[in-house]
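Tertiary structure, described
Below, each chain spelled out in residue letters.
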Amino acid sequence: MDDEAIARPRPPPIPLHLGPVHLDDGGRKLLAADGRTGVEQLTTATGWSPTTVRRRMTELRERGVLYLDIDIDARLFGLGPRTLLWLSVAPAHLEEAGAALATHPEIAFAAATTGPTNLYATVVCANHRDLYRYLTTRVAALPAITHIETAPVIRTVKRAAARQT
């Protein structure tokens, strides 16, 4: 898969307006709903009009309170199983390394953490050869990486809102 094909399905980024968010009862009900709930059901749950539901969801997305995430079967796209990465990065370079890692198309998820490994990521490559190449080139070039642990996911026993595989 080339970089253009990977970027094509991504929506434009939503600018985040950080700061406190006031949630009334309707807002709490909106956030408590199952992510697959349609606007009609959300209007019933919140007591709001469809326009108000859509506007409030947009506002919550812009404030970084609500985000959308999906699980896919990567095999349908010719990709191999997920591999978990735990990286140790010098604290002064954590933000820089995390931002660089997040730009890699092989990365499905990345987060700063605490503990002996302070950067976590989920990698999806087509096969072991591509994973090896990715680890020894792109990951190895990240700033201030002092240690890397990898673990391929051999079986998923639970996935949010999906059957086990």
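Refer to the preceding data block for the structure.
Residues numbered from 1 in each chain as written. Predicted model: local features only at pLDDT ≥ 70, side-chain atom pairs only at ≥ 80, totals over all residues. Heavy atoms only, no water.

Focus: the packing of helix 2 (residues 25-32) against helix 3 (residues 39-46)
When two helices pack together, their arrangement is captured by the angle between the axes and the distance separating the axes. Taken N-terminus to C-terminus, the directions of helix 2 and helix 3 make an angle of 140°; their axes are 9 Å apart at the nearest point. Regarding the angle of helix 2 to helix 3, the classification is oblique. With respect to the hand of their crossing, helix 2 and helix 3 are arranged in right-handed fashion. Together, Gly26, Lys29 and Leu30 of helix 2 and Leu42, Ala45 and Thr46 of helix 3 make up the contact between the two elements. (Axes fitted to C-alpha atoms, helices over the stretch in contact; angles between N-to-C directions. Helix = DSSP H or I, 4+ residues; strand = E, 2+ residues; numbered from the N terminus. Parallel < 35°, antiparallel > 145°, perpendicular 65-115°, else oblique. Left-handed = near helix turned anticlockwise from the far one by under 90°. Contact = heavy atoms within 4.5 Å.)

Quick look at the packing of helix 3 against helix 4 (residues 50-62)
In contact at an axis separation of 9 Å, helix 3 and helix 4 are set at 95° when each is read in the N-to-C sense. One way to sum up the angle between helix 3 and helix 4 is to call them roughly perpendicular. Of the residues in helix 4, those touching helix 3 at Val39, Leu42, Thr43 and Thr46 are Pro50, Val53, Arg54 and Met57. Residue composition of the contact of helix 3 with helix 4, grouped by class: 5 nonpolar, 2 polar and 1 charged. (Nonpolar A, V, L, I, M, F, W, Y, C, P; charged D, E, K, R; others polar.)

A short note on the pairing of strand 2 (residues 107-112)
Looking along a regular strand, one sees the side chains alternate between the two faces of the sheet. Alignment of strand 2 against strand 3 (residues 119-124), held across 5 bridges, turns out to be antiparallel. From the neighbouring strand, Ala110 faces strand 3, where its bridge partner is Ala121. Connecting strand 2 to the next strand, strand 3, in antiparallel fashion are 6 residues, including Gly115 with a positive phi near 105°. (Pairing = 2+ DSSP bridges.)

Let's talk about the sheet that holds strand 3
One open sheet accounts for 4 strands, arranged 2-3-1-4; its pairing is antiparallel. One side of each edge strand has no neighbouring strand; the edge strands of this open sheet are strand 2 and strand 4 (145-152). Along the sheet, successive strands turn relative to each other by an average axial angle of 15°, direction set aside. Sheet strands touched by helix 5 (residues 94-102): strand 1 (82-89), strand 2 and strand 3. Its angle to strand 3, the strand with the most contacts, is close to 10°. This element, helix 6 (residues 128-139), spans strand 1, strand 2, strand 3 and strand 4 of the sheet and lies at about 20° to strand 1.

Quick word on helix 4
Between its terminal C-alpha atoms helix 4 stretches 18 Å, which fits the 18 Å expected from 13 residues at 1.5 Å a residue. Val53, Arg56 and Leu60 are the residues of helix 4 that are buried. With its buried residues spanning 70° around the axis, helix 4 presents them on a single face. Contacts from the buried residues of helix 4 go to helix 2 and helix 3. Two residues or fewer after helix 4 comes Gly64, characterised by a positive phi angle close to 80°. (Expected span 1.5 Å × (residues − 1). Buried < 20%, exposed > 50% of the residue type's maximum accessible area, 1.4 Å probe, protein only. Arc of directions from axis to C-beta.)

Topic: the nonpolar core
In this structure, Leu85, Leu87, Leu101, Leu119, Val123, Tyr134 and Val139 are the most contacted members of the largest nonpolar core, which totals 16 residues. Put simply, the parts of the chain that give this core at least two residues each are strand 1, helix 5, strand 3 and helix 6. With 4 residues, the top contributor of residues to this core is helix 6. If sequence neighbours within four positions are ignored, Val139 has contacts with Leu85, Leu87, Tyr134, Ile145 and Ile148. In this structure, Leu30, Trp48, Leu60 and Leu66 belong to the second largest nonpolar core, which totals 6 residues. (Core = buried A, V, L, I, M, F, W, Y, C linked by side-chain atoms within 4.5 Å.)

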